[in-house]
Structures are given as C-alpha cells and as structure tokens.
Amino acid sequence: MAATLIFAATYLVLAIGRFPGLRIDRTGAAVVGASLMVASGVLRFDEALRAVDWTTIVLLLGMMIVVANLHLSGFFRLVAARVVEHAHSPKMLLAGIVGVSGVLSALFVNDTMCIVLTPLVVQVTLSLRRNPAPYLLAVAMGANAGSVATITGNPQNMMIGALSGIPYPRFTAALAPVAAVSLVLTWVALVVMFREEFRSGRFERIEVGRIRVNQPLMWKAVAVSAGMVLFFFRGWPVAQTAIVAGAVLLITRRVKPERVYHDIDWPLLAMFAGLFIVVRGFETTALERGLLDFAEGTPLDRPAVLGFFSAAASNLVSNVPAVLLFKPVIAKLADPALSWLVLAMSSTLAGNFTLVGSVANLIVVERARPEVRIRFMEHFKVGAPVTVLSIAFGALWLSWYR
C-alpha cells in the first residue's frame, strides 16, 4: 500500500507539474518519492542504489558536457545563422529552420537546440516583419521530430538506449526514416495551416549580424563531437564514449568549468535517478502485477497498439516517466528490441501533440514570450495531425522493419 501511494503521488505531480498546496516540481517529486520508498521500507537503501541505471545517468552527463562546450563556443548559433542567411523565401526559411532544428537535435539533444534557436528565430522573423509563430513552432516540432532518429537525440531515447542495449547504428537505421518523414510532415502542416504567411514570395537577403564564436573552443568541441559520433556508429558503448568525450572537453584553458557546469541540467539527472527508484518500488506492488496482466491481455506486441498507449501515457505524465512506466512491460513482450524502438518513436513524437507535451515546446514558448505569444490552439492545429500521422507512419514502418 505504501509503495502504491508513493508511486501514485509521484506520478500525480509528474502529470500536473506540482503538488496541490505545495511548491514542489517534478524533480522534487521524484527525489521525495525515491526517499519515501526507502523510508517506508519498500526498498532497502542498497536496493534503491542498485535500481538506478547508472549507464543512463553517465550517458546524459557526458552528452550534457559535450553540448555545453558546443553551445558556449557559439557553434549552434553559427550553423543556424548560416542556414537562415541562405533562405530567400518564407518557405525556404521554414524548411531551413525545420531542418537545422531536426538534424542538430538528432545529434546533440533537442532541448538545447530550442534554447539556442529560439532567440535567433524571433530576431530574424521580427526584422523581416513576418509572423513568428510558424517559425517558432518549426523550432519546437522540428526538435522533437528530429530527436527521434538517435539514442542521443533526447533524454528518453538515452534511457531506452541504456535499458535496451540496442546498438547506436541499429537504433538510427530503424528510426531515422521516421524522423525524416515527421520533419517533412511538420513543414507541410505549417505551410498549410499558416497559408497566409507563406503565400507571399521572396524577400531580401537576411542579415543575422556578427555571430560571436570562440574559435579554438569551437574547433576542439567539433572535433571531439565528430569523433564521438563516429565511435557511436562503429558500435562503441555509447555511455562510455560520451563521458570520455565530455572528460576530454573539460581539459581546457579556454572556458571556466563553472560555465560548463551551469549548462548541465542537474535537476534532470536527479529526476532520472529518483524515478528509477520510484518505479523499482512500484514493481513490488500488486498494482504492477495488474499492469502486467493488462499488458498480457492487450496486443502490445503490435507497434500500432503500443504506440497508441505510450503516446497517451506520454501526454499524461511526460515522456521520461512514461518510458519508465513501460519498462517492466516491455521485458515481457515477444520482441523487446522492437518494442523499445516503438516506445522511443511514439513517446518522443507524442511531445508534438500539445503545447505542454514536451519540454522542448515549453522552452520555445517561454524564451519567445517577451516578444511573441504562441497560443495553445495555434500549436494544436498543427501538432495534433502531425503527431497522429507521424506515429501512424512510424508504427507501419517498424512493423515492416522487424
């Protein structure tokens, strides 16, 4: 009973973002829930420590260090600016934003791309006297769609990569086509839904202005990142490769380590660790047995069915908690590797369904808020059909791919 109540309270906060009457966020809920699992005797302290998948934590930390160095060097802003400067029409600008957001997110974590690209897109679109909304939606939705392609594209994929043991090349071969189709659908939907914005023709060359970069740091970070990705595709262990790459970048005279540490999402790491413990405690309950019984009576082996349930759960409690919720179920299915791929695909693409469906969306909204307000329905009329069509294609593709 204690484990069930702790689990339910933790996931309630994950679903609504806070606990009624208290100032506690999702990270706090995960840490409190994990602590209560130990304090109530559901898990021993050593069992709680073993419940944490440290491979996932190490992978996240390594990637955050690499991305922080690229961010601080100005690399992301430089790439985005060059792409934007070569756009000569509204549709080309939109395609450039969708493409750069998607491709960079696939390699270097989607949330960071939203942080970097949003101010640039606001600046460019306002200077051109365009409607910023579709271009900002392109940043968020492109980041979500593109991040499907690789293990390092977003936190839930990193977790799935560590839990499943699927090699980086196989993961990318299976899901890169889904990401590409979703990016195309995003562009088409934005053009159709904002037809007035894209009805006009060419505009003058865009001048982004001088982009400040730390060239020595940038070239070092790019070289280390390229080597890291190469080793990923050669089948080297992803977590070990990422943390070694991060460690190499910490050996520097160019940037204070405090600036790198400031870019690391420590609350996300804490939330991951706490959720591993909360879910392990939940696995000791009769409720978890009931969940497994439900899974056995439902054709979750079918990609379409699993995709539907995981997308629904991701919109209820967010994608990372949803992935952990499905962890004990996936192990019982006939083809766990395929099921992990379906879970990665659907939990990520589900983030485009509503404005609050992913952290990437919220980052874009909050960073653009001083100049631009994006309304819920503006996002929903584009995000809902793109999500449904993308997940439907993903389910069909993975059914064939198996």
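See the structure printed just above.
Before going into details, it helps to say that this report is about the structure given with it. (Residues numbered from 1 in each chain as written. Predicted model: local features only at pLDDT ≥ 70, side-chain atom pairs only at ≥ 80, totals over all residues. Heavy atoms only, no water.)

### Re the pattern of salt bridges
Evaluation of the coordinates by the stated rule reveals seven salt bridges. Salt-bridge contacts for Glu197 lead to Arg130; the nearest nitrogen and oxygen are separated by 2.8 Å. Here Glu197 is found in helix H11 (residues 195–199), whereas its partner Arg130 is found in the loop between helix H7 (110–127) and helix H8 (132–147), with 67 residues between them in sequence. Among the residues examined, Glu197 registers a relative accessible area of 10% and is labelled buried. Between Arg369 and Glu366 there is a salt bridge, and its shortest N-O distance comes to 2.7 Å. Taking relative accessible area as the criterion, Arg369 reaches 34% and is therefore assigned partly exposed. Assessed through its relative accessible area of 47%, Glu366 is described here as partly exposed. Here the salt bridges do not stand alone but share partners, grouping Arg44, Asp46, Glu47 and Arg50 into one network. (Salt bridge = Lys/Arg side-chain N within 4 Å of Asp/Glu carboxyl O. Helix = DSSP H or I, 4+ residues; strand = E, 2+ residues; numbered from the N terminus. Buried < 20%, exposed > 50% of the residue type's maximum accessible area, 1.4 Å probe, protein only.)

### Examining the side chain of Gln156
In this fold, Gln156 is placed in helix H9 (residues 155–164). Overall, Gln156 belongs to the buried group, its relative accessible area being 4%. In contact with Gln156, other than residues within four places in its own chain, are Asn319, Val320, Val323, Ser347 and Thr348. (Contact = heavy atoms within 4.5 Å.)

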